[in-house]
Amino acid sequence: MTWDVEAADKFGAAYDRRAPDYATAIEPTFRPAYRRIVELAGIAARMQILDLATGTGGVAREAAAGGHVTGIDVSGRMLEIARQTSSTDITFVLADAGKMPFEIGSFDIATCGFGLSHMPHAEAVLVEVRRVLKPGGRLVASCWGNQRFNPSRDAVQATLERYLPAWTDPLSQIMNEELWADPEEGVLVLRDSGFNPVNVLSEQIGGVFADPPEAFRRAVAGPTRGEMADAIPAAQRARFQNDALAAIEASSDLSWWEMVNYYIAVR
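Since this is a predicted model, take the numbers as computed values, not measurements. Along each chain, residue indices are assigned from 1 in the same order as the chain's sequence is written. Two thresholds apply to this predicted model, a pLDDT of at least 70 for residue-level local features and 80 or more for giving and counting side-chain atom pairs, whereas whole-chain, interface and lining totals are computed over all residues. Excluded from the side-chain calculations are hydrogens and water; all other atoms, namely the structure's heavy atoms, are used.

Trainee: Give me helix 3 (residues 76-85): which residues, what numbers.
Mentor: Any residue under 20% of the maximum accessible area for its type is buried, any over 50% is exposed, and the rest in between are partly exposed; the area is computed with a 1.4 Å probe on protein chains only. Starting at the N terminus, helices and strands are each numbered in turn, a helix being any DSSP run of H or I of at least four residues and a strand any DSSP run of E of at least two. All buried positions along helix 3 are accounted for by M78, L79, I81 and A82. Axial view of helix 3: buried residues confined to an arc of 160°, hence all on one face. By arc we mean the arc of the directions from the helix axis to the C-beta atoms, nothing more.

Trainee: Outline the pairing of strand 4 (residues 107-113), supporting the account with residue identities and numerical values.
Mentor: Counting buried positions over the seven residues of strand 4 gives seven, a clear majority of the element. With four bridges joining them, strand 1 (residues 47-52) and strand 4 adopt parallel strand pairing. Bridge assignment links L50 to a residue of strand 4, and that residue is A110. Tracing the backbone out of strand 4, into helix 4 (residues 122-132) and back to the parallel element strand 5 (residues 133-149) gives a crossover that is right-handed. In this description, strands pair whenever DSSP reports at least two bridges between them. With the strands pointing away from the viewer, any crossover whose connection runs clockwise from the first strand over the helix to the second is right-handed.

Trainee: Give a description of the packing of helix 5 (residues 151-163) against helix 9 (residues 223-231) that names residues and reports values.
Mentor: Closest axis-to-axis distance for the helix 5/helix 9 pair is 10 Å, and the angle between their directions is 35°. Of the two elements, helix 5 crosses helix 9, and the hand of that crossing is left-handed. For the pair helix 5 and helix 9, contact is made by R153, Q157, L160 and E161 and by R225, M228 and A229, respectively. When residues are sorted by character, Ala, Val, Leu, Ile, Met, Phe, Trp, Tyr, Cys and Pro go into the nonpolar class, Asp, Glu, Lys and Arg into the charged class, and all the rest, Gly among them, into the polar class. Among the residues making up the contact of helix 5 with helix 9, the classes are represented as three nonpolar, one polar and three charged. Think of each axis as a best-fit line through the C-alpha atoms, taken over the contacting stretch in the case of a helix, with angles from 0 to 180 degrees between the N-to-C directions. Two helices crossing with the near one rotated counterclockwise from the far one by less than a right angle form a left-handed crossing, whereas a clockwise rotation gives a right-handed crossing. We call two residues in contact when some of their heavy atoms are within 4.5 Å.

Trainee: Give me the lowdown on the nonpolar core, citing residues and values where you can.
Mentor: Judged by nonpolar contacts, the single largest core of 58 residues is most densely connected at I43, V156, F216 and F240. If one sorts the elements of this core by residue count, helix 1 (residues 2-41) sits on top with 16 residues. In this text, buried Ala, Val, Leu, Ile, Met, Phe, Trp, Tyr and Cys residues form a nonpolar core when linked through side-chain atoms within 4.5 Å. Counting 29 residues, the second largest nonpolar core, distinct from the first, contains A97, L126, L139 and A141.

Trainee: An account of unusual backbone geometry is requested, with residue identities and associated values reported.
Mentor: Here the residue pair N196 and P197 is connected by a cis peptide bond, since its omega of 0° sits within 30 degrees of zero. You can see P197 is positioned in the loop between helix 7 (183-192) and strand 6 (198-208). Even without a glycine there, the phi angle at A53 is positive, about 50°. Residue position: A53 is located in the loop between strand 1 and helix 2 (58-63).

Trainee: So, the layout of surface pockets: which residues are in play, and what are the values?
Mentor: For each structure, a 1 Å grid was placed over the protein atoms alone; sets of points admitting a 1.4 Å probe that cannot get out are labelled cavities, open sets with protein on both sides within 12 Å along at least five of seven lines are labelled pockets, and lining residues have an atom within 4 Å of a point. Grid points are joined across faces, edges and corners, and a volume is the space filled by probe spheres set on the points. Of the volumes computed, that of the second largest pocket is approximately 220 Å³. Lining the second largest pocket are 14 residues, with R18, F216, V220, A229 and Q241 sitting closest to its centre. For the lining of the second largest pocket, the elements supplying multiple residues, two or more each, are helix 1, helix 8 (212-219), helix 9 and helix 10 (234-251). The greatest single-element share of the lining of the second largest pocket, amounting to four residues, is contributed by helix 1.

Trainee: Please provide a residue-by-residue account of the pattern of salt bridges, values included.
Mentor: A pair is scored as a salt bridge if a Lys or Arg side-chain nitrogen falls within 4 Å of a carboxyl oxygen belonging to Asp or Glu. Taken as a whole and judged by the stated rule, the model has eleven salt bridges. The salt bridge partner of D230 is R18, with a shortest N-O separation of 2.5 Å. In this pair, D230 sits in helix 9 while R18 sits in helix 1, placing the two residues 212 residues apart along the sequence. For D230, a relative accessible area of 42% gives the class partly exposed. The salt bridge partner of E27 is R61, with a shortest N-O separation of 2.5 Å. Here R61 lies in helix 2 and E27 lies in helix 1, a separation of 34 residues in the sequence. According to the relative accessible area criterion, R61 is partly exposed, its value standing at 26%. When salt bridges with common partners are traced through the structure, they connect R18, D21 and D230 into a single cluster.

Trainee: Which residues make up helix 7, and what are the values?
Mentor: Where helix 7 is concerned, the buried positions are G186, V187, V189 and L190. In a view along the axis of helix 7, the buried residues occupy a sector of 160°, so they form one face of it. Exposed side chains of helix 7 directed beyond 90 degrees from the buried face belong to E184 and D192. Among the structural elements, helix 4, strand 5, helix 6 (177-181), strand 6 and strand 7 (255-266) are those in contact with the buried residues of helix 7.

Listed below in structure tokens is the structure:
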């Protein structure tokens, strides 16, 4: 449990720092995946829905049209933004998905938008999800797949590495993206946790950035590259941004796409 708490604290602090940028630059690009989660969940009127790792509330708002939603997250700042941008009918709770303050069988549906990879204690989380789901309840979660195309992000990453060649991502040791990127592995984890049946759909989402500045803002909005950009000495940040924008322009491609695995698991 100590490891669980430490991981939750680290992610909470990282997303607290990035919350405003996440809300404006990242969440809009995720909306197609959020809508797909809700579609796959099959939400009906008066259902009780739990949104894990709700962040700034993207999935919760999509799901709210079909039932009552409770969103949880470990970042208080993300939840502040979620409350400011969502209906008061949605309940937001500061909580770790590995130890939730809900009774047995409280929810019909659990959703999770790109959060499972941020839970190194995935088995504990899935035990908790099964506990709070009613028999026959469903978990629908999106996770990044193995295939992606994003030249502008790659250009920003390469520029960051030139400025900070010895950088080590402090969150890399508590991420498990590789597990959920492999559909077969993800299905096995869910089945071993007691979900049955378990299905997975792999689909693309993508788009085109309006201009290099928008692509740059998206690239540095999250904790990974955002924290790295913040670590560049203040006197060099303007030059870094100019270099990154030039690298994006040199890539000559503002389009992007990523494969998403949608896991649908029944309790």
